[in-house]
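Here's the letter readout for the chains.
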Amino acid sequence: MTAMPIGRLSAQSGVKIPNIRYYEQIGLLRTPPRTAGNRRIYDENALRRLKFIRHARELGFAVETIRQLLDMSDEPSRSCHEADSLARVHLADIMNKISRLEALGEEVRRMIEGCAQERIGECRVIEVLADHGQCLHERH
């Protein structure tokens with residue numbers, strides 16, 4: 001096993017040093033052994049785990065969900081049903097956010113298209129922002 005300092009772990013994983021320390025602090029990354037000079041020393045397992053965390057964060061998974069997924073990954077013979085369920089819940093959340101963003105885009109587009117670009121007193125953007133009742137969507 002190759003021992004590496006935090007700087008090399010950061011470079012190889014693409015995760016900034018403060019984030020590595022944070023992941024250690026919250027228990028996503030195991031606390032590494034230290035050298036006689038009190039420097040953290042990481043192994044390949046830490047690198048793999050950190051890459052897993054980084055990729056899961058890039059995909060938008062919450063920290064607690066990542067914790068659960070990491071626990072599952074530590075048991076390779078375990079059923080993946082729970083991991084699949086967590087991913088499905090996350091996907092539903094993503095699709096809900098997309099729907100809300102589409103509604104936001106539609107509302108803003110309508111404001112812009114309705115604006116004559118003359119005076120603020122007649123500005124459609126200002127009117128709609130001042131009166132939610134002029135929106136097509138109640139929730140956005």
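Everything numeric in this text was worked out from a predicted model, so none of it was measured.

**A word on the packing of helix H1 (residues 6-13) against helix H2 (residues 17-25)**
Contact pair H1 / H2: the axes reach a minimum separation of 9 Å and the direction vectors enclose 100°. Our classification of the angle between H1 and H2 gives roughly perpendicular. Taking contact as the criterion, the partners of Ile-6, Gly-7, Leu-9 and Ser-10 in H1 are, on H2, Ile-17, Ile-20 and Arg-21. Counted by class, the contact of H1 with H2 contains 4 nonpolar, 2 polar and 1 charged residues.

**Some remarks on the side chain of Arg-49**
Looking at the secondary structure, you find Arg-49 in helix H3 (residues 44-58). Setting aside residues up to four positions removed in sequence, Arg-49 forms contacts with Leu-28, Leu-29, Arg-30, Leu-70 and Asp-74.

**Describing the environment of Ala-46**
With respect to the secondary-structure elements, Ala-46 resides in helix H3. Note on Ala-46: relative accessible area 12%, which makes it buried. For the pair Ala-46 and Arg-30, spaced 16 residues apart in sequence, the C-alpha separation works out to 7.5 Å. Look past the residues within four positions of Ala-46 in its chain and what remains in contact with it is Leu-9 and Leu-29.

**Regarding the packing of aromatic side chains**
Applying the stated criterion across every chain, the model contains 1 aromatic pair. Aromatic side chains Tyr-22 and Tyr-23 sit 5.9 Å apart centroid to centroid with 55° between the ring planes, which places their arrangement in the tilted category. For Tyr-22, a relative accessible area of 39% translates into the label partly exposed. Accessibility expressed as a relative area gives 9% for Tyr-23, which makes it buried.

Criteria and cut-off values
Residues numbered from 1 in each chain as written. Predicted model: local features only at pLDDT ≥ 70, side-chain atom pairs only at ≥ 80, totals over all residues. Heavy atoms only, no water. Axes fitted to C-alpha atoms, helices over the stretch in contact; angles between N-to-C directions. Helix = DSSP H or I, 4+ residues; strand = E, 2+ residues; numbered from the N terminus. Parallel < 35°, antiparallel > 145°, perpendicular 65-115°, else oblique. Contact = heavy atoms within 4.5 Å. Nonpolar A, V, L, I, M, F, W, Y, C, P; charged D, E, K, R; others polar. Buried < 20%, exposed > 50% of the residue type's maximum accessible area, 1.4 Å probe, protein only. Phe/Tyr/Trp six-rings, centres within 6.5 Å; stacked < 30°, edge-to-face > 60°.

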